[in-house]
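# Understanding the architecture of this molecule
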Amino acid sequence: ADKLEIRRGDPNDETSPLGVFAKADIEPNETLMRIPTECYIHVWDEAKNMNLDDMEGATEAYNHNMCLLAQKTKREMQLQDKSEFAPYVRYLNNQRRGQLPATWS
(Lines give C-alpha, C1' and ligand atoms only; values in the text may rest on other atoms or scores of the structure.)
Protein backbone atom coordinates (compact mmCIF):
# COMPACT_ATOMS: atom_id res chain seq x y z
CA ALA A 1 0.00 0.00 0.00
CA ASP A 2 1.53 3.24 -1.16
CA LYS A 3 -0.31 5.15 1.54
CA LEU A 4 1.18 3.21 4.46
CA GLU A 5 4.56 2.86 6.06
CA ILE A 6 5.83 0.63 8.83
CA ARG A 7 8.16 2.50 11.14
CA ARG A 8 8.92 3.16 14.76
CA GLY A 9 6.49 5.41 16.65
CA ASP A 10 9.44 7.68 17.37
CA PRO A 11 11.81 7.37 14.39
CA ASN A 12 14.66 8.73 16.53
CA ASP A 13 14.29 6.03 19.20
CA GLU A 14 15.30 2.46 18.24
CA THR A 15 13.42 1.11 21.26
CA SER A 16 10.17 2.75 20.16
CA PRO A 17 7.56 0.17 19.06
CA LEU A 18 6.88 -0.38 15.37
CA GLY A 19 3.56 0.73 13.95
CA VAL A 20 1.69 1.27 10.68
CA PHE A 21 1.33 4.94 9.77
CA ALA A 22 -0.55 6.72 6.98
CA LYS A 23 1.59 8.65 4.50
CA ALA A 24 -1.44 10.13 2.69
CA ASP A 25 -5.14 10.74 3.26
CA ILE A 26 -7.21 7.56 3.40
CA GLU A 27 -10.69 7.51 1.90
CA PRO A 28 -13.62 5.98 3.86
CA ASN A 29 -13.87 2.22 3.19
CA GLU A 30 -10.61 2.24 1.21
CA THR A 31 -8.84 -1.11 1.26
CA LEU A 32 -5.30 -0.56 2.46
CA MET A 33 -4.10 -4.16 2.52
CA ARG A 34 -5.46 -7.67 2.36
CA ILE A 35 -4.14 -10.38 4.63
CA PRO A 36 -4.92 -13.92 3.41
CA THR A 37 -6.90 -15.88 6.01
CA GLU A 38 -4.30 -18.66 5.98
CA CYS A 39 -1.92 -16.13 7.56
CA TYR A 40 -4.18 -15.67 10.61
CA ILE A 41 -3.59 -17.35 13.93
CA HIS A 42 -7.25 -18.00 14.60
CA VAL A 43 -9.82 -20.08 16.45
CA TRP A 44 -12.83 -19.66 14.13
CA ASP A 45 -16.11 -21.36 15.11
CA GLU A 46 -14.92 -22.23 18.61
CA ALA A 47 -18.08 -20.63 20.04
CA LYS A 48 -20.51 -22.38 17.68
CA ASN A 49 -22.10 -24.44 20.47
CA MET A 50 -22.46 -21.53 22.88
CA ASN A 51 -25.62 -19.51 23.44
CA LEU A 52 -25.09 -16.25 21.57
CA ASP A 53 -28.70 -15.05 21.84
CA ASP A 54 -28.07 -12.92 24.90
CA MET A 55 -25.35 -10.51 25.91
CA GLU A 56 -24.06 -12.81 28.65
CA GLY A 57 -23.76 -15.70 26.18
CA ALA A 58 -22.03 -13.52 23.61
CA THR A 59 -19.62 -12.19 26.25
CA GLU A 60 -18.88 -15.74 27.41
CA ALA A 61 -18.22 -16.84 23.82
CA TYR A 62 -15.93 -13.85 23.19
CA ASN A 63 -13.96 -14.45 26.39
CA HIS A 64 -13.73 -18.17 25.61
CA ASN A 65 -12.36 -17.40 22.15
CA MET A 66 -9.85 -14.88 23.52
CA CYS A 67 -8.53 -17.51 25.94
CA LEU A 68 -8.28 -20.11 23.17
CA LEU A 69 -6.55 -17.61 20.91
CA ALA A 70 -4.06 -16.67 23.63
CA GLN A 71 -3.30 -20.36 24.24
CA LYS A 72 -2.85 -21.04 20.52
CA THR A 73 -0.62 -17.99 20.09
CA LYS A 74 1.46 -19.08 23.09
CA ARG A 75 1.93 -22.54 21.52
CA GLU A 76 3.01 -20.96 18.23
CA MET A 77 5.44 -18.68 20.08
CA GLN A 78 6.94 -21.69 21.86
CA LEU A 79 7.48 -23.42 18.50
CA GLN A 80 9.52 -20.41 17.38
CA ASP A 81 10.98 -21.05 13.90
CA LYS A 82 9.14 -24.39 13.66
CA SER A 83 5.79 -22.54 13.71
CA GLU A 84 3.97 -22.18 10.39
CA PHE A 85 3.71 -18.51 11.40
CA ALA A 86 7.47 -18.22 12.08
CA PRO A 87 8.04 -14.65 10.77
CA TYR A 88 5.13 -13.30 12.85
CA VAL A 89 6.10 -15.42 15.86
CA ARG A 90 9.67 -14.11 15.61
CA TYR A 91 8.27 -10.56 15.69
CA LEU A 92 6.07 -11.36 18.71
CA ASN A 93 8.92 -13.04 20.58
CA ASN A 94 11.13 -9.99 20.06
CA GLN A 95 8.67 -7.58 21.70
CA ARG A 96 9.43 -6.42 25.21
CA ARG A 97 7.17 -7.67 27.99
CA GLY A 98 3.81 -5.89 28.18
CA GLN A 99 4.04 -4.67 24.58
CA LEU A 100 1.48 -7.04 23.01
CA PRO A 101 -2.23 -6.21 23.26
CA ALA A 102 -4.40 -9.16 24.25
CA THR A 103 -6.41 -9.04 21.02
CA TRP A 104 -3.51 -9.15 18.53
CA SER A 105 -3.38 -12.09 16.13
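Data block above holds the structure.
Residues numbered from 1 in each chain as written. Predicted model: local features only at pLDDT ≥ 70, side-chain atom pairs only at ≥ 80, totals over all residues. Heavy atoms only, no water.

### Focus on the environment of asparagine 65
- Here asparagine 65 shows up in helix H1 (residues 55-79).
- On the accessibility criterion, asparagine 65 (18% relative accessible area) is buried. (Helix = DSSP H or I, 4+ residues; strand = E, 2+ residues; numbered from the N terminus. Buried < 20%, exposed > 50% of the residue type's maximum accessible area, 1.4 Å probe, protein only.)

### Description of the pattern of salt bridges
- Tallied over the full model, the rule gives three salt bridges.
- A salt bridge links lysine 3 to glutamate 30; the shortest N-O distance between them is 3.1 Å. Residue lysine 3 is found in the segment before strand E1 (4-8), and its partner glutamate 30 is found in the loop between strand E2 (18-22) and H1; the two are separated by 27 residues along the sequence.
- With relative accessibility at 23%, the residue lysine 3 sits in the partly exposed group.
- We note a salt bridge from glutamate 5 to arginine 7, for which the minimum N-O separation is 3.1 Å.
- Since its relative accessible area comes to 30%, glutamate 5 is described here as partly exposed. (Salt bridge = Lys/Arg side-chain N within 4 Å of Asp/Glu carboxyl O.)

### A short note on unusual backbone geometry
- Although it is not a glycine, asparagine 29 sits at a positive phi angle of roughly 65°.
- Structurally, the position occupied by asparagine 29 is in the loop between E2 and H1.
- Phi at glutamine 80 is positive, roughly 50°, even though this residue is not glycine.
- Structurally, glutamine 80 is set in the loop between H1 and helix H2 (86-93).

### Examining the packing of aromatic side chains
- Per the counting criterion, the structure on display carries zero aromatic pairs.
- Positioned over the ring face of phenylalanine 21 is arginine 7, at 3.8 Å from the centre of the ring. (Phe/Tyr/Trp six-rings, centres within 6.5 Å; stacked < 30°, edge-to-face > 60°. Lys NZ or Arg CZ within 6 Å of the ring centre and 35° of its normal.)

### Describing H1
- Under the 1.5 Å per step criterion, the end-to-end length of H1 is 36 Å for 25 residues, consistent within 8% with the ideal 36 Å.
- By the burial criterion, the buried members of H1 are Gly57, Ala61, Asn65, Leu69, Thr73 and Glu76.
- Count one or two residues on from H1 and you reach glutamine 80, which has phi positive near 50°. (Expected span 1.5 Å × (residues − 1).)

### Structural notes on the side chain of glutamate 76
- Of note, glutamate 76 is situated in helix H1.
- Of the side chains bearing the opposite charge, lysine 72 lies closest to the buried glutamate 76, which forms no salt bridge; the N-O distance is 5.9 Å.
- Dropping the residues within four chain positions of it, glutamate 76 is found in contact with Ile41, Ser83, Glu84, Phe85 and Val89. (Lys, Arg positive; Asp, Glu negative; His and termini not counted. Contact = heavy atoms within 4.5 Å.)

### Here's the deal with H2
- Looking at H2, one finds that the buried residues are Ala86, Val89 and Leu92. Angular distribution of buried residues about the axis of H2 spans 120°; they occupy a single face of the element.
- Close packing links the buried residues of H2 with H1. (Arc of directions from axis to C-beta.)

### Observations regarding the packing of H1 against H2
- The interhelical angle for the contact between H1 and H2, taken along N-to-C directions, is 95°, at an axis separation of 9 Å. As far as their axial angle goes, H2 and H1 are roughly perpendicular. Along its contact with H1, which presents Thr73, Glu76 and Met77, the element H2 presents Val89, Leu92 and Asn93.
- For the contact of H1 with H2, the class distribution of residues is three nonpolar, two polar and one charged. (Axes fitted to C-alpha atoms, helices over the stretch in contact; angles between N-to-C directions. Parallel < 35°, antiparallel > 145°, perpendicular 65-115°, else oblique. Nonpolar A, V, L, I, M, F, W, Y, C, P; charged D, E, K, R; others polar.)

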